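The residues making up each chain are set out below.
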Amino acid sequence: MSPLAVVSEAYGPRFAEFAFEPAFLAAVDQHVAEIRDRVAAGSAALHPPAPDAEALGDYALGFLDALSENGWLEPVGHDYAVCRLTAISWLVRRHDLLDLV
């Protein structure tokens, strides 16, 4: 299974939390912008272009590896990693990137 599929399956369900956790939604939005810049898909356009699926997959794999190396365990709430992984999942869903990997 691709890293994008793994992240999407695990963190896509967290989108439901956006309705009652506006701070979580705002944090994820900031992470989306940072990830777009990091994987070279940043744009000043009204509708930013989709990130490259392979580049985002490589980023997700590296992020997951770093979490594993550090012994990260998913908390009940929303830490940096949960926000970052949810943002990756949002980008995947928003741009239908699973169809590209």
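So, a few notes on the structure that sits alongside this text. Quick caveat, the model's predicted, so the values are computed rather than measured. (Residues numbered from 1 in each chain as written. Predicted model: local features only at pLDDT ≥ 70, side-chain atom pairs only at ≥ 80, totals over all residues. Heavy atoms only, no water.)

1. Overview of the packing of aromatic side chains
Inference 1: As enumerated under the stated definition, the model contains 4 aromatic pairs in all.
Inference 2: Judged by centre distance (5.4 Å) and plane angle (55 degrees), the ring pair of Phe-18 and Phe-24 falls under tilted. Each member of the pair, Phe-18 as well as Phe-24, is classed as buried.
Inference 3: Note on Tyr-59 and Phe-63: the rings are 6.2 Å apart at their centroids and 15 degrees apart in plane angle, and the pair reads as stacked. With a gap of 4 residues between them, Tyr-59 and Phe-63 both fall in helix α3 (residues 53-69), about one helical turn apart.
Inference 4: According to the relative accessible area criterion, Tyr-59 is buried, its value standing at 14%.
Inference 5: The exposure class of Phe-63 is buried, given its relative accessible area of 13%.
Inference 6: By the ring-pair criterion, three or more aromatic residues cluster together here, those being Phe-15, Phe-18 and Phe-24. (Phe/Tyr/Trp six-rings, centres within 6.5 Å; stacked < 30°, edge-to-face > 60°. Buried < 20%, exposed > 50% of the residue type's maximum accessible area, 1.4 Å probe, protein only. Helix = DSSP H or I, 4+ residues; strand = E, 2+ residues; numbered from the N terminus.)

2. Focus on α3
Inference 1: If you check α3, its first and last C-alpha atoms are 24 Å apart, about what 17 residues at 1.5 Å a residue would give, namely 24 Å.
Inference 2: Within the sequence span of α3, burial applies to Ala-53, Leu-56, Gly-57, Tyr-59, Ala-60, Phe-63 and Leu-67. Buried residues of α3, seen end-on, are gathered within an arc of 160 degrees and therefore sit on one face of the element. Turned more than 90 degrees away from the buried face of α3 sit Glu-54, Asp-58, Ser-68 and Glu-69, all of them exposed.
Inference 3: Contacts from the buried residues of α3 go to α1 (3-11), α2 (22-38) and α4 (80-94).
Inference 4: Residue Asp-52 occupies the N-cap position of α3, its side-chain oxygen lying 3.2 Å from the main-chain nitrogen of Glu-54.
Inference 5: Just downstream of α3 lies Gly-71, where phi reads positive at about 70 degrees. (Expected span 1.5 Å × (residues − 1). Arc of directions from axis to C-beta. Contact = heavy atoms within 4.5 Å. Polar contact = N/O pair within 3.5 Å; in protein donor to acceptor, adjacent residues only side chain to side chain.)

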